[in-house]
Amino acid sequence: MTKVAFIGYGFMGRVHAACWQRICGVRVAAVCVRNPASLARSVKVYGCVGEALPANLPSDVAVYTDAEKMLDEVKPDVVDVVLPTSLHAAAVERALAHGAHVLCEKPMARDAREADRILRAAARAKGRFMVAQCLRFAPEYVYLKKLVASNRYGAVAAATFTRLTPPPCAPDGKSWFQDESVSGGLALDLNIHDADIVNWNFGLPTAVSCRAHRVSSGALDHLVASYDYPDKIVVSEASWSATESFGFTYGFRVHFARATVVYDPRLAAPFMVYPARGKPFAPAFRARDPYQNEIAFFHRLATGRVRAEENPAPLAEIRASLALVDAERASARTGRRIAIQTAKGKAT
Ligand SMILES: NC(=O)c1ccc[n+]([C@@H]2O[C@H](COP(=O)([O-])OP(=O)(O)OC[C@H]3O[C@@H](n4cnc5c(N)ncnc54)[C@H](O)[C@@H]3O)[C@@H](O)[C@H]2O)c1
């Protein structure tokens, strides 16, 4: 039996718990939250996909407000860290020091330097550590990655990745997501998904330029990042400026030499391949829930049924994607094109 404990149990904690509870041989044993009364309420992330979620915990779950006490008493096999981003590093270090296997929600940390702190702790630890970079477990993005890596339709000429939502806060405007020192703001919290997909498919660019729009408080609410590659145009667009009635959308359009590939979940045929020869077709996808896929994979990793080398989200790559977002934020701040320094393929 794999004993799982949560540090933080808001919206994503509930999403993860539902996935853990679908896996045979897993028990959600404990949760640590700031305010236990919050477990009686449903939680919604404004601007994000999905309904308000109830806690849905087993009746014998142990509830703590002190993570150290929970780790001491419960001795979980797995700790799932689903806290506001500024709290990830300390919680991950603490859980790893207790010998647990640790899954941490994206973004791993507030910047690449903080990520290095986590990676040093992970290198010393007995347990496995993985970042829940969910798009690497989403079949549509895995399909694209295979098309790019296999050269099936030749070289990529251009690629656009989008993720557009209303701001992630309740109607009163209050949320830790709105505090850039806690969440990293739009570039880190939302655009990390697509910056990581850019890095996963094409490697790090030589430079990035970011055009950004800000609300009156100075916070970014819309950005377009352009990544420099010698042979292709690659752009990502992220927004917290969409209206509630527009909702949340995301996807990509990639122009290969011999096919155009479009993913837009709002279309009747969300994923289409338009080849230069032959008819357009919609690939069939199974196991569509990226969260279920990532948690099932981490369970196999923690129980020794897959090797660390099989992880589609290697830590060095996830750290490099964070460095890419650091450069996007610097470009948004200065209005300048920011070179990506790499040493042995690692962004510095
Ligand atoms: N992969 C995705 O699609 C996705 C979507 C949304 C959020 N996220 C990420 O998941 C993480 C959590 O986001 P969320 O939406 O679940 O947030 P949330 O606000 O819904 O939940 C945060 C949880 O942390 C707890 N918490 C807050 N401050 C605390 C403190 N000081 N000490 C102990 N506990 C504390 C809260 O009680 C709550 O249980 C963030 O890093 C976010 O970026 C990922």
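The rules behind the values
- Residues numbered from 1 in each chain as written.
- Predicted model: local features only at pLDDT ≥ 70, side-chain atom pairs only at ≥ 80, totals over all residues.
- Helix = DSSP H or I, 4+ residues; strand = E, 2+ residues; numbered from the N terminus.
- Rg over C-alpha atoms; globule rule 2.2 N^0.38 Å.
- Buried ≥ 20, exposed ≤ 12 C-beta atoms within 10 Å, placed from the backbone.
- Contact = placed C-beta atoms within 7 Å.
- Pairing = 2+ DSSP bridges.
- Axes fitted to C-alpha atoms, helices over the stretch in contact; angles between N-to-C directions.
- Arc of directions from axis to C-beta.
- Domains from an automatic or database assignment.
- Near = placed C-beta within 6 Å.
- Nonpolar A, V, L, I, M, F, W, Y, C, P; charged D, E, K, R; others polar.
- Core = buried A, V, L, I, M, F, W, Y, C linked by C-beta atoms within 7 Å.
- Parallel < 35°, antiparallel > 145°, perpendicular 65-115°, else oblique.
- Left-handed = near helix turned anticlockwise from the far one by under 90°.
- Right-handed = clockwise from strand over helix to strand, strands pointing away.

## Thoughts on the overall build of the protein chain
1) Next: When helices and strands are counted, the protein chain shows ten helices and 16 strands.
2) Next: Since a compact globule built from 348 residues should have a radius of gyration of about 20 Å, the 20 Å found for the protein chain is in line with a globular shape.
3) Next: Dimensions along the principal axes, computed over C-alpha positions, put the protein chain at roughly 60 × 45 × 45 Å.
4) Next: Per-residue burial over the protein chain gives 43% buried out of 348 residues.
5) Next: For the protein chain, contacts bridging at least 24 residues in sequence account for 72% of all contacts bridging at least 6.

## Let's talk about the sheet that holds strand E5 (residues 101-105)
1) Next: If you walk across this open sheet you meet the six strands as E3-E2-E1-E4-E5-E6, and the pairing is parallel. Single-partner strands in this sheet number two, and they are strand E3 (62-64) and strand E6 (129-132). Geometrically, the sheet is characterised by an average inter-axis angle of 20° between neighbouring strands, direction not taken into account.
2) Next: Relative to strand E4 (residues 78-81), strand E1 (residues 2-7) runs parallel, the two being bridged by four bridges. Paired with Ala5 across the strands is Val79, a residue of E4.

## Structural notes on helix H2 (residues 67-74)
1) Next: Buried within H2 we find Ala67, Met70, Leu71 and Val74. Summarising the axial view, the buried residues of H2 lie within an arc of 95°, below the 170-degree limit, and thus occupy one face.
2) Next: The inward-facing, buried residues of H2 contact E1, strand E2 (26-32), E3 and helix H3 (88-97).
3) Next: At the C-terminal side of H2, Lys75 shows a positive phi close to 50°.

## Description of the domain arrangement of the protein chain
In many reports, interface size means the accessible area that the parts give up when they come together.
1) Next: For the protein chain, the domain assignment lists domain 1 (2-132) and domain 2 (136-291 + 319-347).
2) Next: Taking the mean C-alpha position of each, domain 1 and domain 2 sit 26 Å from one another.
3) Next: At the level of secondary structure, the elements contributing two or more residues to the side of domain 1 that touches domain 2 comprise helix H1 (11-21) and helix H4 (112-124).

## Considering the site of the ligand
1) Next: In the vicinity of the ligand, 22 residues are found, and the nearest of them are Gly8, Gly10, Phe11, Met12 and Glu105.
2) Next: The leading source of residues in the shell around the ligand is H1, at three residues.
3) Next: Of the residues contributing to the shell around the ligand, the split by class is twelve nonpolar, six polar and four charged.

## Describing the environment of Ala323
1) Next: Position of Ala323 relative to the elements: it lies in helix H10 (residues 315-334).
2) Next: The spatial distance from the C-alpha of Ala323 to the C-alpha of Arg27 is 36 Å, given a sequence separation of 296 residues.

## Quick notes on the nonpolar core
1) Next: Core analysis: the biggest nonpolar cluster contains 98 residues, and Val81, Val92, Ala95 and Val102 have the highest contact counts within it.
2) Next: Counting residues per element, this core draws most heavily on H10, at eight residues.
3) Next: In this view, Val81 contacts Ile7, Gly8, His88, Ala91, Val92, Ala95, Val102, Leu103, Cys104 and Glu105; residues no more than four positions away in its chain are not counted.

## Details of the packing of H1 against helix H9 (residues 290-302)
Each pair of packed helices gets described by two things: the angle between the helix axes and the distance between those axes.
1) Next: Two numbers describe how H1 lies on H9: the axes approach to 9 Å, and their chain directions differ by 60°. Taken together, H1 and H9 sit at an angle that is classed as oblique. In the packing of H1 onto H9, the handedness of the crossing is right-handed. Here Val15, His16, Cys19 and Trp20 of H1 come into contact with H9, specifically with Tyr291, Gln292 and Ile295.
2) Next: Classifying every residue of the contact of H1 with H9 gives five nonpolar, two polar and no charged.

## Quick word on the pairing of E5
1) Next: In terms of residue burial, E5 counts as a mostly covered element, since five of its five residues are buried.
2) Next: Residue alternation in E5 divides its side chains into two sets, His101, Leu103 and Glu105 and Val102 and Cys104, and both sets are buried.
3) Next: When E4 meets E5, the two strands line up parallel, connected through four bridges. By the bridge assignment, Val79 is partnered in E5 with Val102.
4) Next: For the crossover from E4 across H3 to E5, the handedness is right-handed.
5) Next: The parallel pair E5 and E6 is bridged by H4, and the resulting crossover is right-handed.

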